[in-house]
Every structure is written in structure tokens, then in C-alpha cells.
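Fold and contact review
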Amino acid sequence: MTDNNAIELDPHYLHAKAWAEEYELIDRQFSSLGLTAMQELQLVRGETVLDVGCGTGQTLLQLAERVGDNGHVLGVDIAGRLLEVAAQRTAHLGHVTLIESDAQILDLPSHSVDAVFSRFGVMSFNDPVAAFSNFRRILKPDGRLAFCCWQALHENELDRFPLEAAGFPNAVDERPFSFSDPQHVQTVLATAGFDAVAVRPCKELVTSGDVEAMTRVLLKVGPLGKIVRENPAIRSTVEPKLRKALAGLGDQVSTRLTAAIWIVTAQPN
């Protein structure tokens, strides 16, 4: 018998629910960051590309446009709630396939894809070497890998600012920053069988819109969002503090914070 209360309190369920509810605002915030990594793949029409942690589907649409109707986009995500949104958004595209699975153990044929891409979908693997070894197996010998991941929290105003505004400067989930050390990224990929590994920094001002839009997003996702969605009683205290701090940045129409990421590229050895 399923315990619905337990499911609704599960951190993974709460994360997927929040993301699905605010995906349009999150897409606006993250789109350009993902595209910076995506352009490194230099995709051409007719290719097959795997999108790891495809979420609600914005990157699937962007990849599908690049490989064209003769190409194929495979989107994998562990969260069925997010894939429901992705399925609606890509229903008109016959060359997009969605797979609900842990990408670490994704069972695709060896040497079957030209490229592997991810926008913030590779930092939470229990065994990152096993996950990237699997991607190495799936990639064609001349394939390529590109993804973006977060730099350290202290470099990321997008995550640090809301925590400080709410009074939680030290309360942070470290998992999204598990690839913040570029040497660690290099070691994981090399151990998993990749060559020509490059990790380059990228900083960009990002926004979900005005003060109200940014407040909505930051209370649901990111480090502060995790705290609030798992402790909903504090929202009434935290929300006015965050809104005031964002308004204090001065731009009421397009409230921007700096996102600091790594753009990582590699090839199978």
C-alpha cells in the first residue's frame, strides 16, 4: 500500500513538483546557460543526441531544432513528473524520445549516439564515474560530450544572494555543487574513459523576470528553495525578506543575479 503522505514529503518529489510548477520562469533563467554548452557540440542535422536530466523539455526543443527531423533526441530523466511536462511540450516532434530512468544505468545500445548533453543534470549521481562510463559506452567512438554545471556557491550570486537575504548563509545542500572543483571533474571524466577534457568558466547575469518572478522561482528551486519547500512554515517569514532584497538591486523589471558555471567538453578516448 502506497503512503501518499510519505511521497508528498519526499525531497525528490517536492523538487520535481516545484520545478514543474515554475518551469517557464526557470527556463527563462537557465536557457542561455544551457545554450552556451550546447553550442560546443556543433550539432548537425541527422545526428542523435542524448539529453541527460532533460527535465521539463526546453533543452529537448533546442536540441531537436539543431538535429532536424532526420535526427533523433533522446531525453532521460529520473523524475516522471518532469517528463510529463516534457511530453506535452514535445508531442509534435516525432524525433524526440523520452526515457524515465536513472541515467547512471541507462540501457541504450553501445556506440549509438553522436553526442551527450546536459544542462545541470550530472551533479547528483551516486557514482559519477559509473555514470560517465555509461555515457562513454553509449557514445560513438567519434562522439562528443558537453555539459554545464555549477561553480562553487561563493561564486554564485544566484544561489548565495537568496540564502543571505533570508538569513541562511550557511544552510546549503552541497550536492548541486559536487562538480564545482574543475580538477574533480577532470579526474571523473578521465577515469570514465574521456580525453580532451576542457573545463572553462562562464559567468552571466540571469533573470526570470521582475522582482515577483524572481521571488517565486528562488522560493521554490535552488538552495533557498530547497529549504523553503521542505520547511513550508518559514515561507511567510522568508518571502518578504527575499522580495525586499531583490527590490534593493534596483531593476524592478528585469531582476538579475550572476550565475557562475563551468562549461565542460570531452571526447571518448
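For the structure, check the block above.
Summary of the structure given here. (Residues numbered from 1 in each chain as written. Predicted model: local features only at pLDDT ≥ 70, side-chain atom pairs only at ≥ 80, totals over all residues. Heavy atoms only, no water.)

Quick word on the overall build of the chain
- Helix and strand counts for the chain stand at eleven helices and seven strands.
- On C-alpha atoms alone, the chain measures out to a radius of gyration of 18 Å, which is about the 18 Å that the 2.2 N^0.38 rule sets for 269 residues.
- Taken across its 269 residues, the chain has 53% of its residues classed as buried.
- Of the contacts made within the chain by residues no fewer than 6 positions apart, 78% connect residues no fewer than 24 positions apart.
- When the accessible surface of the chain is summed, it comes to about 12200 Å², and 50% of that surface belongs to carbon and sulfur atoms.
- Looking at the chain, you have 24 positive and 34 negative side-chain charges, and the mean spots of the two groups are 4 Å apart. (Helix = DSSP H or I, 4+ residues; strand = E, 2+ residues; numbered from the N terminus. Rg over C-alpha atoms; globule rule 2.2 N^0.38 Å. Buried < 20%, exposed > 50% of the residue type's maximum accessible area, 1.4 Å probe, protein only. Contact = heavy atoms within 4.5 Å. Areas by Shrake-Rupley, 256 points an atom, 1.4 Å probe, with all protein chains shown as cover. Lys, Arg positive; Asp, Glu negative; His and termini not counted. Charge placed at Lys NZ, Arg CZ, Asp CG, Glu CD.)

Thoughts on the packing of aromatic side chains
- Applying the stated criterion to the full structure yields ten aromatic pairs.
- With 4.1 Å between their ring centres and 5° between their planes, Phe120 and Trp150 make a pair best called stacked. With Phe120 in the loop between strand S4 (113-119) and helix H6 (128-138) and Trp150 in strand S5 (residues 139-150), this residue pair connects regions lying 30 residues apart in the sequence.
- Residue classification places Phe120 among the buried positions, given a relative accessible area of 14%.
- Each member of the aromatic cluster is reached from another via a ring pair, and the members are Phe125, Phe132, Phe135, Phe147 and Phe179. (Phe/Tyr/Trp six-rings, centres within 6.5 Å; stacked < 30°, edge-to-face > 60°.)

Thoughts on the pairing of strand S2 (residues 72-77)
- Counted residue by residue, S2 has five buried out of six residues, so it is predominantly covered.
- Here strand S1 (residues 48-52) pairs with S2 via five bridges, running parallel. Residue Val49 lies in a different strand from S2, and its bridge partner there is Val73.
- For the segment spanning S1, helix H4 (residues 58-67) and S2, crossover handedness is right-handed.
- For S2 and strand S3 (residues 96-100), the ladder comprises five bridges, and the chain directions are parallel. In the strand pairing of S3, Gly75 is matched with Leu98.
- The parallel pair S2 and S3, bridged by helix H5 (residues 80-89), forms a crossover whose chirality is right-handed. (Pairing = 2+ DSSP bridges. Right-handed = clockwise from strand over helix to strand, strands pointing away.)

Focus: helix H10 (residues 222-230)
- Of the positions making up H10, those classed as buried are Pro223, Leu224, Gly225, Ile227, Val228 and Arg229.
- Turning to H10, the residues buried within the fold contact helix H2 (11-21), helix H7 (157-166), helix H9 (211-218) and helix H11 (235-247).

Focus: the sheet that holds strand S6 (residues 194-206)
- With mixed pairing, the seven strands of this open sheet are ordered in space as S3-S2-S1-S4-S5-S7-S6. The outermost strands of the open sheet, each flanked by one partner alone, are S3 and S6. Each strand of the sheet is rotated relative to its neighbour by a mean of 15°, with strand direction disregarded.
- Each of S2 and S3 touches H5; the most contacted strand, S3, lies at about 165° to it. (Axes fitted to C-alpha atoms, helices over the stretch in contact; angles between N-to-C directions.)

Examining the pattern of salt bridges
- With the rule as written, the count across this model stands at 16 salt bridges.
- A network of salt bridges, in which partner residues are shared, links Lys17, Glu21, Glu22, Arg216 and Lys220. (Salt bridge = Lys/Arg side-chain N within 4 Å of Asp/Glu carboxyl O.)

Here's the deal with helix H8 (residues 182-191)
- Considered for burial, the residues of H8 that qualify are Val185, Val188 and Leu189. Down the axis of H8, the buried side of the element spans an arc of 90°, and every buried residue falls inside it. Residues of H8 that are exposed and point more than 90 degrees away from the buried face comprise Gln183 and Thr191.
- Structurally, H8 contributes buried residues whose contacts are with H6, S5, S6 and strand S7 (257-268).
- The opening residue of H8 is Asp181, an N-cap whose side-chain oxygen sits 3.0 Å from the backbone nitrogen of Gln183.
- At the exit of H8 stands Gly193, carrying a positive phi of roughly 100°. (Arc of directions from axis to C-beta. Polar contact = N/O pair within 3.5 Å; in protein donor to acceptor, adjacent residues only side chain to side chain.)

Here we look at the packing of H2 against H10
- At their nearest, the axes of H2 and H10 sit 10 Å apart, and the two run at 115° to each other. Between H2 and H10, the crossing angle belongs to the class labelled roughly perpendicular. When the axes of H2 and H10 are compared, the crossing they make is right-handed. Between H2 and H10, the contacting residues are Pro11, Leu14, His15 and Ala18 on the first element and Lys226, Arg229 and Glu230 on the second. (Parallel < 35°, antiparallel > 145°, perpendicular 65-115°, else oblique. Left-handed = near helix turned anticlockwise from the far one by under 90°.)

Section: the nonpolar core
- If you look at the biggest cluster of nonpolar residues, it comprises 90 residues, and the most contacted ones within it are Phe132, Phe147 and Leu189.
- Excluding residues that lie within four positions of it along the chain, Phe147 makes contacts with Ala37, Ser118, Val122, Phe132, Phe179, Val185, Leu189, Trp262, Ile263 and Val264. (Core = buried A, V, L, I, M, F, W, Y, C linked by side-chain atoms within 4.5 Å.)

Here we look at unusual backbone geometry
- Its identity as a non-glycine residue notwithstanding, Gln42 has a phi of 50°, on the positive side.
- By secondary structure assignment, the location of Gln42 is in the loop between helix H3 (23-38) and S1.
- Residue classification places Gln42 among the exposed residues on the basis of a relative accessible area of 64%.
- If you check the backbone angles, Ala196 has positive phi at about 50° while not being a glycine.
- Relative to the assigned elements, Ala196 resides in strand S6.

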